[in-house]
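Here are the chains, one letter per residue:
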Amino acid sequence: MKRISVAQPRLGGNEKKYVLDCLDTNWISSNGKYIGAFEESFAEFCGVKHAIATNNGTTALHLALVALGLQPGDEVIVPTVTYIATANAVRYCGATPVLVDVCADTMNIDPAAIEAKITPRTRGIIPVHLYGHPAQMDVINEIAQRHGLWVVEDAAEAHGAEVQGRRVGGLGTCATFSFFGNKIVTTGEGGMVTTNDAELARTLRLYRGQGMDLQRRYWFPVVGYNYRMTNIQAAIGLAQMEGIDTALAERERLAGWYADALSALGDRIVLPVRRDGAKEVYWMYNIFLRDATEEQRDAVMRRMDEMGIETRPVFYPMHVMPPYRESATYPVADLWSPRGINLPTHQDLTREDVQRVAESLAAAMA
Ligand SMILES: *Cc1c(COP(=O)(O)O)cnc(C)c1O
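About the criteria used
- Residues numbered from 1 in each chain as written.
- Predicted model: local features only at pLDDT ≥ 70, side-chain atom pairs only at ≥ 80, totals over all residues.
- Heavy atoms only, no water.
- Pairing = 2+ DSSP bridges.
- Helix = DSSP H or I, 4+ residues; strand = E, 2+ residues; numbered from the N terminus.
- Near = heavy atom within 4 Å.
- Polar contact = N/O pair within 3.5 Å; in protein donor to acceptor, adjacent residues only side chain to side chain.
- Areas by Shrake-Rupley, 256 points an atom, 1.4 Å probe, with all protein chains shown as cover.
- UniProt positions renumbered as here; feature names shortened; annotations may be inferred.
- Buried < 20%, exposed > 50% of the residue type's maximum accessible area, 1.4 Å probe, protein only.
- Contact = heavy atoms within 4.5 Å.
- Arc of directions from axis to C-beta.
- Salt bridge = Lys/Arg side-chain N within 4 Å of Asp/Glu carboxyl O.

Another point: the sheet that holds strand β6 (residues 162–163). In spatial order, the strands read β7-β6-β11; together these three strands make up an open sheet with antiparallel pairing. Edge positions in the sheet fall to β7 (166–167) and β11 (278–279), since each has one partner strand and no second. Note that β6 and β7 share two bridges and pair antiparallel. Paired with Glu162 across the two strands is Arg167, which belongs to β7.

The local shell around the ligand holds 15 residues, among which Gly57, Thr58, Glu157, Ser178 and Lys183 are the closest. Separating an oxygen atom of the ligand from a side-chain N or O atom of Asn56 is a distance of 3.4 Å. For the ligand, whose accessible area on its own is 380 Å², the fraction buried by protein is 93%. Counting only elements with at least two residues in the shell around the ligand, the list comes to α3 (57–67) and α4 (85–92).

This paragraph deals with the UniProt feature "active site" (unreviewed entry) in the chain. In the numbering used here, UniProt assigns the feature "active site" (unreviewed entry) to Lys183. Mapping Lys183 onto the fold places it in the loop between β8 (174–178) and β9 (191–195). When its relative accessible area of 11% is taken as the criterion, Lys183 is described as buried. When near neighbours in sequence (up to four residues on either side) are disregarded, Lys183 contacts Ala156, Glu157, His159, Ser178, Arg251 and Trp283. Among the polar contacts listed, one links the side chain of Lys183 to the side chain of Ser178, at a separation of 3.4 Å.

Those residues of helix α5 (residues 137–147) not exposed but buried are Met137, Ile140, Ile143 and Ala144. Looking down the long axis of α5, one finds its buried residues gathered within 130° of arc, a one-sided arrangement. Among the structural elements, β4 (122–125), β5 (150–154) and β6 are those in contact with the buried residues of α5. Gly148, located one to two residues past α5, shows a positive phi value of around 65°.

Further remarks concern the pattern of salt bridges. A full pass over the atoms with the stated rule returns 19 salt bridges. Where Arg10 meets Glu250, a salt bridge forms, and the shortest distance between an N and an O atom there is 3.2 Å. Placement of the pair is Arg10 in the segment before α1 (15–25) and Glu250 in helix α8 (residues 244–262), with a sequence separation of 240 residues. The partner of Arg121 in a salt bridge is Glu75, with the nearest N and O atoms 3.1 Å apart. Here Arg121, found in the loop between β3 (96–100) and β4, pairs with Glu75, found in strand β2 (residues 75–79); they are 46 residues apart in sequence, far enough to count as distant. Three or more residues joined by partner-sharing salt bridges are found here, namely Glu252, Arg274, Lys279 and Glu280.

Right, here's the structure in full:
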């Protein structure tokens, strides 16, 4: 029986044509028409004024923090459940990621737990829209405003998610995206920073291009980075944007199939929720085994793997991993992260595939 992978890209549109155009015209490095075209298309999609493409999502995060002036000794609030790049980018600046517990239903940062972690050294908050669920941006922005903090949305997993009808990417001071091969939009490796702030956009472009003055070539007023995206990556990205509406619709349809197919398991599992005012996108369809231990969860994933179904565990909380280990407990993360499983989520899954995943999950749990 065919193996079902947890993620795979859909490259059936103009990706090949645009990449061949780069090769045919010699524009293969970080100059060329596709970079600006991809940035414009992405900015328009997010409803923001500026988009700055980078070579991956981690450098997009680091670039944003550099442009916001994050310094050694500063602190930044981040959720304990996230992909490690969020915390790492803070550490690259010599600053400290200060961890906050998450909400049980979405695994997103719990706004009610943020203020207790704010100190005189806190500079900003990085809410992560985990697995496509948008964070509670209205509450988070209100807290940030009251304390004079910036907000960077880590939107790497949530291209197209909405809060009160507004897309992520324009809901904080700036936002960062990833276009890794398993993300909703891919360029192989790639990233983007989006913002409505023209001055911040200029600073982002300055630091992205090794610090070279945007008006005066080979004049470097600051120490910058080479975080540029190539024209080839952007060519793939532009073609991906032509298919983004279809991608979001097909992922939503997939989520509907999962909800149907998994209903037979009743309350032994917890399905994704839709919060009032939030429109989630399905980067990863995540479920929880309600009463399982971590060992039982891992055994279920192993059995599914033997049946040809690839899955992933929910991210381990930052506070249990060596670089960020703490003795403090984060009750919600500690309770739910070890019970979470990401099921296969991509555009080439059929209704029959979804049925097979559900049946293998039921068999693995039996
Ligand atoms: C994928 C991801 C990143 C980093 O993106 P890369 O392109 O892999 O560097 C950052 N944050 C989150 C939440 C992610 O899922």
